[in-house]
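Now for the letters of each chain:
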Amino acid sequence: MLASDFDTHSVASNQASITSVNSLASLLREKMQAFPQLIRKKKRETKDYKIKIFVIMMFFIIIFLIGYAYVAYHQQVLTKSYFQKIKFNSKDRIFRILSHEDKEVIMGHLGVTLGSDTAPFHCLEDHRRSDGSVCIEWNGIARLHMNFEDKKVFRCYTLQWQALTPGLLPTDCYELKRDNGLWFGGGITKGQEWSLSYANFDFMPYASGDHKVHQFGNAVKRYFINSIGVAMQVNERTPLQLGINRTENQFCLRAANDDFTFVNRLTELPQLDYKICTTEDMRSLHMLMTQQPLFNGVTEELEPLLAEPVWQIPHQAHRDSLNESIICDYSENAIAIGLGHIVINEFWQENIGDFTVDRTRFPTLNDTIAVLHRRGFKVVFTIQPFISTDSPNFKDAVARKLLIYERHSERSIPALTRYKSSSSAGVLDITNNASVPWLLEKLQRLKDEYGVKSFYLDLGTGYNLPHYYQCRQPLDNPDQYARKLTQSLESAGLMAVSTASVVPKPPTFVSTPPANSTWEGLRETLAAVLNYGVIGYPFVLPGAIGGDYLLQRPLTKMVSFYSLAQPPLPDMELFIRWLQLATFLPVMQFSHLPDEYQSKLVTRVAQELKNVRQTVVIKLLNKYLHSSMTEGLPLVRPLWMLDPHDPACLIVSDEFSVGEELIVAPILDAGREEREVYLPQGVWKDGIDGSLRKGSRWMHGYRVPKDKVAYFRKMPDNTRF
């Protein structure tokens, strides 16, 4: 029984054990089965946490995008593309012009003086124009008209501001420097900067003046061009003031009347009216802006001026220093160098404005001039619109009311000014219909009696008019006086004029300012020739080789206020370097002659340069004469006109080209016999040693002995070394 009980108990025990094991296994299985669920649960909780973070982030992103879209929408509403490739934000008045590739070319801030507290709106119907222009108005403050003109490869945009409230001066400012682009134009400035981008001056009236005293020189034109392919042209009726601020990187135009330059208010409130043109090629843009629709059939009159020298008869500061003997002796010495135009200054008359020969000093001048003509010279008299109060013509002009009169006075009271040898002079009123016939009659009498071929019109500058001037008909500005007088006297024959604001009709040249007989004067002569070429004066008459006067002290008044004598014989090195430069300029003008030095070196250099001019330079001047007259390109050009895409050509200010085939690198400083020379792309032949030079590179330490000048002739493109 024990055995039996044992067996029974064993079976029961085994079964119980089996049950326990099964229970444990089941528990373990349950736990094992529950473990992945726990893991998945924790993963699910982590995932829920990440989802919450993601949702929060998306919420803020959506809020940001909604806000950005709101701002962008309203910005898009404000910034409108009114025409092709132009955008204007009428609230901030930011003006942008885009290139063909939609790249921003230039950016400007328009209406700088308006402030930012007035919202603009489109003009009312009464103020809109039928020419397709867009009109925007700032209520009661200013009105802006913008228009577009498509010239195929060129795009031009016209902007006109109208001030609507007294005291507002419409002002637009553009970037002074961008992508290494430089501004050119405006003629020469007081600081003689090669580019306007290097200048720095406050707003000044844009008018011709003496650049030693005033901000701008004797030849001006309201034309500015940037090397990135943007050009501006300001309307002649705009009372233009120009300001350049390098600190703020701004080139600014302003319309503002004043008490002299723009005293004749052409509109009740000032208006700023100008045009901006763009293209990819700076050279083509320059041709578009400066080309003249005239000049046909006058090349035969220009060629003698290019081929023959101009002789300036020596003179002292007083009129008694000039007589017939001096003219005869000078012409005999000059004939060895060449024939040409003999220019006699105002001392051929007793007083400025006589318009009759002083027979005391020139008793047989008609015979002397006849001899000069037989020798091959052409005689030129210097004339002015000024009439000295000591001249008999002054009383006659006052009686006929031919003179500019004092402002706010009766027309019988002439306004007086000072000019050279005349300390008190009246000025012919060119707007009086009787003045021009009166003057032309006197000039014709001179031509008939003395055989004078032409005249040099010495106008001074805009600042030589009486300060309180008043003409019978209002002038836009003082420079309009010179323009009207030059045009009126074209029939009398003008060899050159002393000032200009538009290109005179050929064969009339524009003179550079009188140059001091110093190294600085030499550098200023080259700067004037190049800058006047840039603004569209193709035919420039440089001053006398060696300088026009000598002053060791700075001037406080205009040069034209003084009767300055011919300078003494300049330093030999200065004369040689000046002669080398002048050889490659459009016209060579002499006062001192090379044989005055009694030096074999000077004589040899003069003869060598004469050969270079006759065999090389004159041929090129004649070759490019027609293109200069039709395309507005000057005969003597800065290097960037050869290759406007070459950055080096933009910054080189002491080299130039004659046409497109000759580069000149003169020495412009005392004691130097070497210099840096840059040659644009191509192959060039050295004028000193005849070697071939590859372009698009600098030549450092290039040797230029005293008796040599560096020049390089362009060779055919297939030339090999």
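Just so you know, the residues in each chain are numbered from 1, in the order the chain's sequence is written. Local features are withheld for residues below a pLDDT of 70 in this predicted model, meaning they are given only at 70 or higher, and side-chain atom pairs are given and counted only at 80 or more; totals for whole chains, interfaces and linings count all residues. To get the side-chain values, all heavy atoms of the structure are used, and hydrogens and water are removed first.

In the nomenclature of an unreviewed UniProt entry, the protein is known as Myogenesis-regulating glycosidase isoform X4 of Drosophila albomicans. UniProt positions are given in the numbering used here, feature names are shortened, and annotations may be inferred rather than shown by experiment. Under the UniProt heading Sequence similarities (unreviewed entry), the note attached to the protein is "Belongs to the glycosyl hydrolase 31 family."

K.L.:
Honestly, the environment of I667 in this entry has me stumped. Any pointers?
P.N.:
By definition, any uninterrupted DSSP run of H or I lasting at least four residues is a helix, any uninterrupted run of E lasting at least two residues is a strand, and each is numbered from the N terminus. Secondary-structure assignment places I667 in the loop between β32 (662–665) and β33 (674–679). Three exposure classes are used, based on accessible area relative to the maximum for each residue type with a 1.4 Å probe and protein chains only: buried under 20%, partly exposed in between, and exposed over 50%. Residue I667 is classed as buried on the basis of its relative accessible area, which comes to 3%. Residues I667 and L581, spaced 86 residues apart in sequence, show a C-alpha to C-alpha distance of 8.2 Å. Working rule for contacts: check all heavy atoms of both residues, and any pair within 4.5 Å makes them a contact. Contacts of I667, omitting those with residues within four sequence positions, involve W519, L522, R577, R672, E674, R675 and V704.

K.L.:
Is there a simple way to think about the layout of surface pockets in this case?
P.N.:
Over the atoms rolls a probe the size of a water molecule, and its path tells where empty space is left. Considered as a void within the structure, the largest pocket measures approximately 520 Å³ in volume. A cavity here means a set of 1 Å grid points, computed over protein atoms only, where a 1.4 Å probe fits but cannot escape. A pocket is an open set with protein on both sides within 12 Å along at least 5 of 7 lines, and lining residues have an atom within 4 Å of a point. Together, 27 residues line the largest pocket, and K103, D179, S227, I228 and G229 are the ones closest to its centre. Taken together, the elements giving at least two residues each to the lining of the largest pocket come down to β4 (104–109) and α13 (647–651). The greatest single-element share of the lining of the largest pocket, amounting to three residues, is contributed by α13. When the residues that make up the lining of the largest pocket are grouped by side-chain class, the tally is ten nonpolar, nine polar and eight charged. Around the second largest pocket, the lining comprises 24 residues; the ones closest to its centre are A336, I337, F590, A606 and K610. When contributions to the lining of the second largest pocket are tallied by element, the ones reaching two or more residues are α3 (299–307) and α11 (600–623). Per-element accounting of the lining of the second largest pocket gives the leading share, eight residues, to α11. Grid points are joined across faces, edges and corners, and a volume is the space filled by probe spheres set on the points. In this classification, Asp, Glu, Lys and Arg are treated as charged, Ala, Val, Leu, Ile, Met, Phe, Trp, Tyr, Cys and Pro as nonpolar, and every other residue, Gly included, as polar.

K.L.:
Is there a simple way to explain the state of the cysteines in this structure?
P.N.:
By definition, a disulfide links the sulfur atoms of two cysteines through a covalent bond. Throughout, a disulfide means two cysteine sulfur atoms within 2.5 Å of one another. Applying the stated criterion across every chain yields a total of three disulfides. Each disulfide pairs two cysteine sulfurs, and for C156 the partner residue is C277, the sulfurs being separated by 2.0 Å. On the sign convention where negative means left-handed, the S-S torsion of about 110° between C156 and C277 marks this disulfide as right-handed. Note that C156 is positioned in strand β8 (residues 154–163) and C277 in strand β16 (residues 271–278), a separation of 121 residues in sequence. Exposure remark for C277: the relative accessible area of 0% places this residue in the buried category.

K.L.:
Would you mind showing me how to read helix α9 (residues 519–534) here?
P.N.:
Think of an α-helix as 3.6 residues a turn; residues three or four steps apart then line up on the same face. How far a helix is expected to stretch is found by multiplying one less than its residue total by 1.5 Å. In this model α9 runs 23 Å from its N-terminal to its C-terminal C-alpha over 16 residues, within 8% of the 22 Å that 1.5 Å per residue would give. Burial within α9 is extensive, with 14 of its 16 residues counted as buried. Backbone geometry just after α9 places G536 at a positive phi near 105°.

K.L.:
Can you help me understand empty space enclosed by the protein in this one?
P.N.:
Applying the stated criterion across every chain, the model contains nine cavities of 30 Å³ or more. Taken as a whole, the largest cavity holds about 760 Å³ of empty space. Lining the largest cavity are 39 residues, and of these K420, Y456, D458, P514 and D548 sit closest to its centre. A per-class count over the lining of the largest cavity returns 15 nonpolar, 18 polar and six charged.

K.L.:
For this particular structure, what's the right way to read the pairing of strand β6 (residues 134–138)?
P.N.:
Along any regular strand, the residues point their side chains to alternate faces of the sheet. Of all five residues in β6, five are buried, a share of seventy percent or more. DSSP-based pairing: two strands are paired if at least 2 bridges between them are found. As paired elements, strand β5 (residues 120–122) and β6 share three bridges and run antiparallel to each other. Across the sheet, residue P120 finds its bridge partner in β6, namely W138. By the bridge criterion, five bridges tie β6 to strand β7 (residues 142–151) in an arrangement that is antiparallel. Bridge pairing in β7 links C135 to H145. Between β6 and β7, which pair antiparallel and follow one another directly, the connecting turn spans three residues, one of which, G140, has a positive phi of 75°.

K.L.:
Explain the packing of helix α4 (residues 324–334) against helix α5 (residues 365–375) here, please?
P.N.:
In a pair of packed helices, the angle between the axes and the distance between the axes together describe the arrangement. Running from N to C, α4 and α5 cross one another at 10°; their axes reach a closest spacing of 10 Å. Between α4 and α5, the angle falls in the class roughly parallel. In contact with E324, I327, C328, S331 and E332 of α4, α5 contributes L365, T368, L372 and R375. Along the lines of polarity and charge, the residues of the contact of α4 with α5 split into four nonpolar, two polar and three charged. Only C-alpha atoms enter the line fits that serve as axes; for helices the fit covers just the stretch in contact. Angles between N-to-C directions range over 0 to 180 degrees. In these notes the angle categories are as follows: under 35 degrees is roughly parallel, over 145 is roughly antiparallel, 65 to 115 is roughly perpendicular, and the rest is oblique.

K.L.:
Help me understand the sheet that holds strand β17 (residues 310–312) in this model?
P.N.:
Strand-to-strand pairing in sheets goes through backbone hydrogen bonds, with the strands running parallel or antiparallel. If you walk across this open sheet you meet the eight strands as β28-β27-β26-β24-β19-β18-β17-β29, and the pairing is parallel. Unpaired on one side and paired on the other, β28 (540–541) and β29 (589–590) mark the two borders of the sheet. When strand β27 (residues 509–511) meets β28, the two strands line up parallel, connected through two bridges. Bridge pairing in β28 links S511 to L541. Packed onto the sheet, α5 meets β18 (341–344) and β19 (378–383) and runs at close to 130° relative to β19.

K.L.:
Even after reading the chapter, I still don't get the pattern of salt bridges, so can you show me in this structure?
P.N.:
Think of it this way: side chains of opposite charge can pair up when their charged atoms draw near. Salt bridges are defined as contacts in which a side-chain nitrogen from Lys or Arg sits within 4 Å of a carboxyl oxygen from Asp or Glu. On inspection of all chains with the given rule, the structure shows 25 salt bridges. A salt bridge links R483 to E236, with the shortest nitrogen-to-oxygen separation between them at 3.2 Å. Of this pair, R483 sits in helix α8 (residues 479–488) while E236 sits in the loop between β13 (230–234) and β14 (240–245), and the two are 247 residues apart along the sequence. According to the relative accessible area criterion, R483 is buried, its value standing at 14%. A single salt-bridge network, built from bridges that share partners, covers R222, E236 and R483.

K.L.:
Is there a simple way to explain the sheet that holds strand β23 (residues 422–427) in this structure?
P.N.:
Within the open sheet, the three strands sit side by side as β20-β23-β22. Their pairing is antiparallel. Unpaired on one side and paired on the other, β20 (386–388) and β22 (417–419) mark the two borders of the sheet. Going from strand to strand, the sheet's axes swing by 55° on average, the running direction of each strand aside. Here β20 runs beside β23; their pairing, made up of three bridges, is antiparallel. Residue pairing across strands places I387 opposite G426, the latter belonging to β23.

K.L.:
Explain the side chain of N516 here, please?
P.N.:
In this structure, N516 sits in the loop between β27 and α9. Within 3.5 Å is the distance limit for a polar contact, defined as a pair of N or O atoms, with the added protein rule that one can donate a hydrogen and the other accept it, and that residues adjacent in sequence qualify only through two side-chain atoms. There is a polar contact of 2.8 Å between the side chain of N516 and the backbone oxygen of L551. Discounting residues that sit within four places of it in the chain, N516 has contacts with G521, G547, Y549, L550, L551 and W578.

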